[in-house]
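# Summary of structural features
Single-letter residue listing:
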Amino acid sequence: MSTDSFQIQPQAVSENVGTVGSLLARAGEVIGELASTVLDGASFAGIGSDVAAANASLQSSQVDSLQQLHQGLQQVNQAVDASNQAYQQADRSVAAGYGDGAATDPAGQSGTAAQAVDMTTDQQLRDQLTADEDNRTHVYLDSERHPTVGIGFNLDRNDARSQLASVGANYDAVRAGTQDLTPAQVNQLFSHDVGTAVTTARDYYAGFDQLDPARQRVLTNMAFNMGPATLGQFHQLHTALTNGDWNAAANAMQDSRWATQVGDRATRLIEHMRSGQ
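Residues numbered from 1 in each chain as written. Predicted model: local features only at pLDDT ≥ 70, side-chain atom pairs only at ≥ 80, totals over all residues. Heavy atoms only, no water.

Our next topic: the nonpolar core. Leu219, Met222, Leu237 and Met273 are the most contacted members of the largest nonpolar core, which totals 48 residues. A per-element tally of this core places helix H6 (residues 183–204) first, with eight residues. Excluding its chain neighbours within four sequence positions, the residues that come into contact with Met222 are Gly227, Leu231, Phe234, Leu237, Met253, Trp258 and Leu269. (Core = buried A, V, L, I, M, F, W, Y, C linked by side-chain atoms within 4.5 Å. Buried < 20%, exposed > 50% of the residue type's maximum accessible area, 1.4 Å probe, protein only. Helix = DSSP H or I, 4+ residues; strand = E, 2+ residues; numbered from the N terminus. Contact = heavy atoms within 4.5 Å.)

Have a look at this one:
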């Protein structure tokens, strides 16, 4: 008997997960932008300190509200994705009952749970990113003509100045090429960015931790490379991940502008997504 008649079709739910994932990515960006928009209190000197204090209070209130909204969206995204995963599990169970009994889990391994790996410290991921991004202590222009240093650290990004200050480097001097980073400073910046990329990948796909390590590395690598806003636009990839359709996921990556931009990097990541190895 064909199992086709027992297929549950959760595409609409999958698309909703992708949409909420995009909202999450944008909400995170807005929070960062607003939090970094600090007006100089001196600019209010002519009209009194009370106005300056009111401005600071308003900004703090706005940031708090957006953070609460962001947390709410995360919960919605997780709930919707959990519902979709339940549909998928029911589909696999029915197919196993009427087919050959071999059901595939979301990690792509028949009857086997994904091996737990901490991507924030995973050496394979760090080695891949270092090879993809290069490792330079002196500023250079990347393929998009952005001044860059370390392991893919874009000096045009909004938090570049504060991040360099946090590791004891002078932003203006580094950007001008009169100061190089130390290997320790490069590693500090890299560790921070890897952690951010893992968070971005999880926000994009709530089933991230159920993926096998190879596919977790793919999503984290993409998040590191393109950031939350662009990753959030990969709706077909998200749907394919939710459906456990690795060929469709790889094809969605292949049929993107990103794949043509990064070349060999994309080719390798696409193969990892397809094979899970």
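Once the structure has been displayed, the description carries forward.
This brings us to the environment of Tyr204. In this structure, Tyr204 sits in helix H6. Tyr204 sits in the buried class, given a relative accessible area of 4%. Distance in space between the C-alpha atoms of Tyr204 and Leu219 is 8.9 Å, their sequence separation being 15 residues. Beyond its immediate chain neighbours, meaning those up to four positions away, Tyr204 contacts Leu219, Leu231, Gly232, Phe234, Leu237, His238 and Leu241. A polar atom in the side chain of Tyr204 sits 2.6 Å from the backbone oxygen of Phe234. (Polar contact = N/O pair within 3.5 Å; in protein donor to acceptor, adjacent residues only side chain to side chain.)

To continue, consider the pairing of strand E1 (residues 136–141). Within a regular beta strand, the side chains point alternately toward one face of the sheet and then the other, so they alternate between its two faces. In this structure, E1 lies alongside strand E2 (residues 147–150), joined through three bridges in antiparallel fashion. Residue pairing for E2: Tyr140 is matched across the bridge by Thr148. With antiparallel pairing between neighbouring strands as the criterion, E1 and E2 make up a hairpin whose turn holds five residues, including Arg145 at a positive phi of roughly 70 degrees. (Pairing = 2+ DSSP bridges.)

Time to look at the pairing of E2. Direction of pairing for E2 relative to strand E3 (residues 153–154): antiparallel, over a ladder of two bridges. Of the residues in E3, the one forming a bridge with Thr148 is Asn154. Where E2 folds back on E3, the antiparallel hairpin that results is connected by two residues, among which Gly152 adopts a positive phi of roughly 70 degrees.

Attention now moves to the sheet that holds E2. Strands in a sheet are paired, the pairing made by backbone hydrogen bonds, and the direction either parallel or antiparallel. Across the sheet, three strands lie side by side as E1-E2-E3; this open sheet has antiparallel pairing. Edge strands, defined here as strands with exactly one partner in the open sheet, are E1 and E3.

Pairs of packed helices are described in terms of their axes, by the angle between the two and the distance that separates them. In contact at an axis separation of 11 Å, helix H3 (residues 123–133) and helix H11 (residues 264–275) are set at 155 degrees when each is read in the N-to-C sense. Taken together, H3 and H11 sit at an angle that is classed as roughly antiparallel. For the pair formed by H3 and H11, the contact residues are Gln128, Leu129, Asp132 and Glu133 on the first element and Arg265, Arg268 and His272 on the second. (Axes fitted to C-alpha atoms, helices over the stretch in contact; angles between N-to-C directions. Parallel < 35°, antiparallel > 145°, perpendicular 65-115°, else oblique.)

Per the counting criterion, the structure on display carries eleven salt bridges. Asp132 serves as the salt-bridge partner of Arg265, at 3.4 Å between the closest nitrogen and oxygen. Of this pair, Arg265 sits in helix H11 while Asp132 sits in helix H3, placing them 133 residues apart in sequence. You can call Arg265 buried: its relative accessible area is 8%. A relative accessible area of 22% means that Asp132 is categorised as partly exposed. The partner of Arg161 in a salt bridge is Asp172, with the nearest N and O atoms 3.2 Å apart. In this pair, Arg161 is assigned in helix H4 (residues 160–166) and Asp172 in helix H5 (residues 171–176), connecting sequence segments eleven residues apart. Of the residues examined, Arg161 reaches a relative accessible area of 45% and is grouped as partly exposed. Take Asp172: its relative accessible area is 45%, and that puts it in the partly exposed class. (Salt bridge = Lys/Arg side-chain N within 4 Å of Asp/Glu carboxyl O.)

Quick look at the confidence of the model for the protein chain now. In the predicted model, the protein chain carries a mean pLDDT of 78, and the fraction of residues at 70 or more is 58%. Predicted confidence for residues 1–15 stays below pLDDT 50, and this span has 25 contacts to residues more than four positions away or in other chains. Note that residues 98–113 has pLDDT below 50 and, in this model, 30 contacts with residues that lie over four places away or in other chains. (pLDDT = per-residue confidence, 0-100.)

Taking 1.5 Å per residue as the helical rise, H11 with its twelve residues ought to reach 16 Å, and the 17 Å between its terminal C-alpha atoms agrees with that figure. Looking only at H11, the buried set comprises Arg265, Ala266, Leu269, Ile270, His272 and Met273. Here the buried residues of H11 occupy an arc of 160 degrees about the axis, which is enough to place them on one side. Turned more than 90 degrees off the buried face of H11, the exposed positions are Asp264 and Thr267. Note on H11: the residue one or two positions beyond its end, Gly276, has a positive phi of about 75 degrees. (Expected span 1.5 Å × (residues − 1). Arc of directions from axis to C-beta.)

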